[in-house]
Amino acid sequence: MCGTGGDGPDELTWSLCRLSLDDGRQIVVGRSTQADTTVRATVSGEAIEFPLATSPGDATVLDSPAAAFVIVDADGNEVGSTEGA
């Protein structure tokens, strides 16, 4: 599943895709056009935060799947979210 967001329909500022593996891990790949954008999620009851890459090819592997991700800009403002398995 993937999610995208931006300041308008023609201005995409972030995207986030996730893939659940058979062994329970989840791969999260995303990209942001704005530096210092982060992703917040809850994995196995623990809150985590990791950077959303500004260059393609970076991925984060989670030991357990997260159902929702919140995209946060450099100022700490929520700029988007994704939900679903």
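Since the structure is predicted, the reported quantities are computational estimates derived from the model, not experimental observations. (Residues numbered from 1 in each chain as written. Predicted model: local features only at pLDDT ≥ 70, side-chain atom pairs only at ≥ 80, totals over all residues. Heavy atoms only, no water.)

**Concerning the overall build of the chain**
And then number 1: Secondary structure assignment for the chain yields zero helices and eight strands.
And then number 2: Reading the helices (α) and strands (β) of the chain from amino to carboxyl end gives β-β-β-β-β-β-β-β.
And then number 3: Whereas a compact globule of 85 residues would reach a radius of gyration of roughly 12 Å, the chain reaches 12 Å, a difference of no more than 12%.
And then number 4: Seen through its principal axes, the chain has C-alpha atoms that stretch 35 × 20 × 20 Å.
And then number 5: Across the 85 residues in the chain, those meeting the buried criterion constitute 31%.
And then number 6: Nonlocal contacts in the chain, meaning residues at least 24 apart in sequence, comprise 39% of its contacts between residues at least 6 apart.
And then number 7: Mean positive and mean negative side-chain charge positions of the chain (4 and 14 charges, respectively) differ by 5 Å. (Helix = DSSP H or I, 4+ residues; strand = E, 2+ residues; numbered from the N terminus. Rg over C-alpha atoms; globule rule 2.2 N^0.38 Å. Buried < 20%, exposed > 50% of the residue type's maximum accessible area, 1.4 Å probe, protein only. Contact = heavy atoms within 4.5 Å. Lys, Arg positive; Asp, Glu negative; His and termini not counted. Charge placed at Lys NZ, Arg CZ, Asp CG, Glu CD.)

**Considerations on the nonpolar core**
And then number 1: Of all hydrophobic cores here, the largest spans 12 residues; its members are Trp14, Leu16, Val28, Val39, Ala41, Val43, Phe50, Leu52, Leu62, Ala66, Phe69 and Ile71.
And then number 2: Every element with two or more residues in this core is listed here: β2 (11-20), β4 (38-43) and β7 (68-72).
And then number 3: Counting residues per element, this core draws most heavily on β4, at three residues.
And then number 4: Dropping the residues within four chain positions of it, Ile71 is found in contact with Trp14, Leu16, Thr37, Thr38, Val39, Leu52, Asn77, Glu78, Val79, Gly80 and Ser81. (Core = buried A, V, L, I, M, F, W, Y, C linked by side-chain atoms within 4.5 Å.)

Remember, this is a structural readout, not a statement about activity or role.
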